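Per-entry structural report
One-letter residues, chain by chain:
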Amino acid sequence: MLIGNVGKEPEVRYYEPDQAVAQVSLATSERGYTLQNGTQVPDRTDWHNLVFYRQLAKIVERYVHKGDKLYVEGRIRYRMYDTQKGERRYVTEIHVDNMEMLSPKPQTTDSDMASEPAPQPQANDNQMPF
């Protein structure tokens, strides 16, 4: 489970006409504090690579934007690959099963509401494409 802010616009790819994969970077932060002896411990921010599949990826593509606050649940996955230069790279990803958007909904006018359905604040996708 993670709560954080989206770092950049989602990257969405379709591997079949109706099957999507979305990737999002999420920043989680811990506030700094002061120890009893006066030592300052600074804020700490960690970045996480989130991966969404199928319908959840389509929801991310439509409604998630840079700066949005998200709550996600998923499984941690590790993978490795070799670059063209022959260097081995390791990647840690969170394969998201459930997401809740925590950012307030943007203000819409009556004409906006008539042309577009309201976003779904929660989504769940328990099936993986492999």
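Anything mentioned here points back to the structure above.
In this report, the structure presented in the accompanying data block is examined. (Residues numbered from 1 in each chain as written. Predicted model: local features only at pLDDT ≥ 70, side-chain atom pairs only at ≥ 80, totals over all residues. Heavy atoms only, no water.)

1. A look at the overall build of the chain
Cut-off, in case you're wondering: Numbering of helices and strands starts at the N terminus; helices are DSSP runs of H or I of at least 4 residues and strands are runs of E of at least 2. Partly exposed residues are those whose accessible area sits between 20% and 50% of the maximum for their type, while under 20% is buried and over 50% is exposed, using a 1.4 Å probe and protein chains only. Between two residues, a contact is recorded if the distance between any of their heavy atoms is within 4.5 Å. The Shrake-Rupley method, run with a 1.4 Å probe sphere, supplies the accessible areas, and residue values consider only the shown protein chains as cover.
The secondary structure content of the chain amounts to 2 helices and 9 strands. Going from N to C terminus, the chain has its helices and strands arranged as β-β-β-β-β-β-α-β-β-α-β. Counting the 130 residues in the chain, one finds 31% classified as buried. For the chain, the share of sequence-separated contacts (at least 6 apart) that also reach a separation of at least 24 residues comes to 61%. Element-wise, carbon and sulfur atoms account for 48% of the exposed surface of the chain, whose accessible area totals about 9,300 Å².

2. Some points on the pattern of salt bridges
Quick reminder of the rule: Salt bridges are defined as contacts in which a side-chain nitrogen from Lys or Arg sits within 4 Å of a carboxyl oxygen from Asp or Glu.
The full count for this structure, using the stated rule, is 7 salt bridges. Note that K8 and E11 form a salt bridge whose closest N and O atoms lie 3.4 Å from each other. Relative accessible area serves as the criterion here: at 43%, K8 is assigned to the partly exposed category. Judged by relative accessible area, which is 39%, E11 ranks as partly exposed.

3. Notes on the environment of G74
By the secondary structure assignment, G74 is in strand β7 (residues 69-82). A C-alpha to C-alpha distance of 5.3 Å links G74 and H95, two positions 21 residues apart in sequence.

4. Let's talk about the pairing of strand β2 (residues 11-16)
Applied cut-off: Strands were regarded as paired on the criterion that DSSP finds at least two bridges between them.
Across 5 bridges, β2 lies against strand β3 (residues 19-30) in antiparallel orientation. What sits directly across from R13, in β3, is V21. Counted between consecutive antiparallel strands, the loop separating β2 from β3 contains 2 residues.

5. Things to note about the side chain of D97
Which entries qualify depends on this criterion: Nitrogen and oxygen atoms within 3.5 Å of one another constitute a polar contact, given that in protein one can donate a hydrogen and the other can accept it, and given that sequence-neighbouring residues count only through two side-chain atoms.
Relative to the assigned elements, D97 resides in strand β8 (residues 88-101). On the basis of relative accessible area, D97 is assigned to the buried category, the value being 12%. There is a polar contact of 2.6 Å between the side chain of D97 and the side chain of R75.

6. Digging into the nonpolar core
Stated precisely, the cut-off is as follows: Buried Ala, Val, Leu, Ile, Met, Phe, Trp, Tyr and Cys residues that are joined via side-chain atoms within 4.5 Å together make up what is termed a nonpolar core.
Counting residues in each nonpolar core, the largest one holds 20 residues, and the members touching the most others are L50, F52, L70, V72, V96 and M99. Of all the secondary structure elements, the ones that give two or more residues to this core are β1 (2-6), β3, β6 (44-53), α1 (54-63), β7 and β8. Among the elements that take part in this core, α1 stands out by supplying 5 residues, more than any other. In this structure F52 touches A20, V21, A22, V24, A57, V60, V72, V96 and M99, once residues within four positions along its chain are discounted.

7. Considering the pairing of β3
Two strands pair when backbone bridges link them, and β1 and β3 are joined in this way by 2 bridges, in the antiparallel orientation. Note that in β3 the partner of V6 across the bridge is L26. As defined by bridge partners, β3 adjoins β6 across 10 bridges and the pair is classed as antiparallel. Across the sheet, T28 pairs through a bridge with D46, a residue of β6.

Geometric descriptors of this kind do not, in isolation, establish any biological role.
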